[in-house]
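Residue strings, one per chain:
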Amino acid sequence: LYEITNETAIFSRDWQYHMVKYIKSYEAAKPEQHPVGMSAFDSGREGSMAALWGSPADWIAPQNDGSAGDFMDNPPAADGRKVMISDTDHLWGVGGDHVWVWKSFTRGFHTIYMDPITKPDGTAEPLWQEARKAMGLTLSLAGRMNLAKMTPRNDLASTRYCLANPAAEYLVYLPEGGEVTVDLTGAEGQLDVEWMCPIEGTTTGGESVAGGDKRVLKAPFNGEAVVHLWVSVKTRPSQAMEGDRQ
């Protein structure tokens with residue numbers, strides 16, 4: 001990835017736009033091109049998200065400027081305009097926990113983490129360890145899912161944290177644990193079910209469920225949970241075989 005500059009003031013906007021365009025123009029005829037991005041501004045936060053959205057950049061690292069939602073506690077679903085890289089440095093400075101990771105992942109964000117330079121106090125370190133672990137867990141799941149076909153679908157889960165390819169696969173985060181209603185109307189046949197503890201990463205198999213309707217699923221353990229559902233190969237219609245999970 002190329003990044004033009006990190007946390008410069010918002011008055012650098014037009015210069016950054018120029019540099020993004022220059023790099024993309026220079027590399028256009030080359031066999032490979034770098035994704036070029038812009039990150040959050042250091043000062044003048046008002047209007048910063050509009051400047052990032054309006055840029056020619058391929059990817060952006062957002063910040064909370066009061067106009068585009070809360071990227072810390074309730075990230076808005078990524079809509080495909082830009083590749084979104086949520087960076088703890090631009091949101092907290094030093095902060096972020098496993099809840100932020102899972103909420104961001106199921107809303108279509110990549111997550112990157114800035115480790116503190118100074119030694120943390122004893123209360124913060126466990127939270128940061130959980131954040132690092134959660135990033136590894138989401139990476140592992142991303143490698144197992146057909147991620148290229150999945151998009152954030154708040155409307156398909158009652159918790160509103162859901163990635164889905166409705167014909168084939170769903171990943172849902174339950175911040176409070178317990179039960180979740182998942183709309184499986186777009187899936188045919190049976191779906192295999194796997195539950196994961198979003199802190200420890202331990203997994204538990206669940207009973208398969210039928211597609212074609214809304215289903216209530218209950219976590220088999222206490223506390224927050226992640227559930228992964230995918231259309232069983234044994235029951236999948238032949239027209240849905242393209243892009244099968246490996």
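Every value quoted in this text rests on a predicted model; they were computed, and no experiment measured them. (Residues numbered from 1 in each chain as written. Predicted model: local features only at pLDDT ≥ 70, side-chain atom pairs only at ≥ 80, totals over all residues. Heavy atoms only, no water.)

Section: the nonpolar core
Taken as a class, soluble globular proteins show a tendency for nonpolar side chains to be buried jointly.
Phase 1: Ranked by internal contacts, the top residues of the largest apolar core, which has 37 residues, are Met 38, Trp 102, Phe 105 and Leu 171.
Phase 2: The set of elements that each furnish at least two residues to this core consists of helix H1 (13-27), strand E2 (36-39), helix H2 (48-53), helix H4 (98-106), helix H5 (125-144) and strand E8 (169-174).
Phase 3: With six residues, the single largest contributor to this core is H5.
Phase 4: When neighbours within four sequence positions are excluded, Trp 102 is seen to be in contact with Ala 134, Leu 137, Thr 138, Leu 141, Tyr 173, Met 196, Pro 198 and Val 226.
Phase 5: In this structure, Tyr 170, Val 193, Ala 225 and Val 227 belong to the second largest nonpolar core, which totals 21 residues. (Core = buried A, V, L, I, M, F, W, Y, C linked by side-chain atoms within 4.5 Å. Buried < 20%, exposed > 50% of the residue type's maximum accessible area, 1.4 Å probe, protein only. Helix = DSSP H or I, 4+ residues; strand = E, 2+ residues; numbered from the N terminus. Contact = heavy atoms within 4.5 Å.)

A closer look at the sheet that holds strand E5 (residues 110-112)
Phase 1: The strand order E1-E2-E3-E4-E5 describes an open sheet built from five strands, whose pairing is parallel. Of all strands in the sheet, those with a lone pairing partner are strand E1 (2-3) and E5, marking the two edges.
Phase 2: Two elements, E2 and strand E3 (residues 59-61), share three bridges in a ladder whose sense is parallel. Counterpart to Gly 37 in the pairing with E3 is Trp 59.
Phase 3: Against the sheet, H1 contacts E1 and E2, and its axis sits at roughly 165 degrees relative to E2.
Phase 4: In the packing of H4 onto the sheet, contacts are made with strand E4 (83-87) and E5, and the angle to E5 comes to roughly 150 degrees. (Pairing = 2+ DSSP bridges. Axes fitted to C-alpha atoms, helices over the stretch in contact; angles between N-to-C directions.)

Description of the sheet that holds strand E13 (residues 225-231)
Phase 1: Strand order in this open sheet of six strands is E6-E7-E8-E13-E10-E11, and the pairing throughout is antiparallel. Of all strands in the sheet, those with a lone pairing partner are strand E6 (151-152) and strand E11 (203-210), marking the two edges.
Phase 2: Where E6 and strand E7 (residues 162-165) come together, two bridges link them in antiparallel fashion. Among the inter-strand pairings, Pro 152 is bridged to a residue of E7, identified as Leu 163.
Phase 3: H4 rests against E6, E7, E8, strand E10 (190-196) and E13 of the sheet, and its axis sits at about 150 degrees to E8.

With respect to H5
Phase 1: Here H5 spans 29 Å end to end across 20 residues, near enough to the 28 Å set by a 1.5 Å rise per residue.
Phase 2: Inspection of H5 places Trp 128, Ala 131, Ala 134, Leu 137, Thr 138, Leu 141 and Ala 142 among the buried residues, and these make up the whole buried set.
Phase 3: Tucked into the core, H5 has its buried residues touching H4, E8, E10 and E13. (Expected span 1.5 Å × (residues − 1).)

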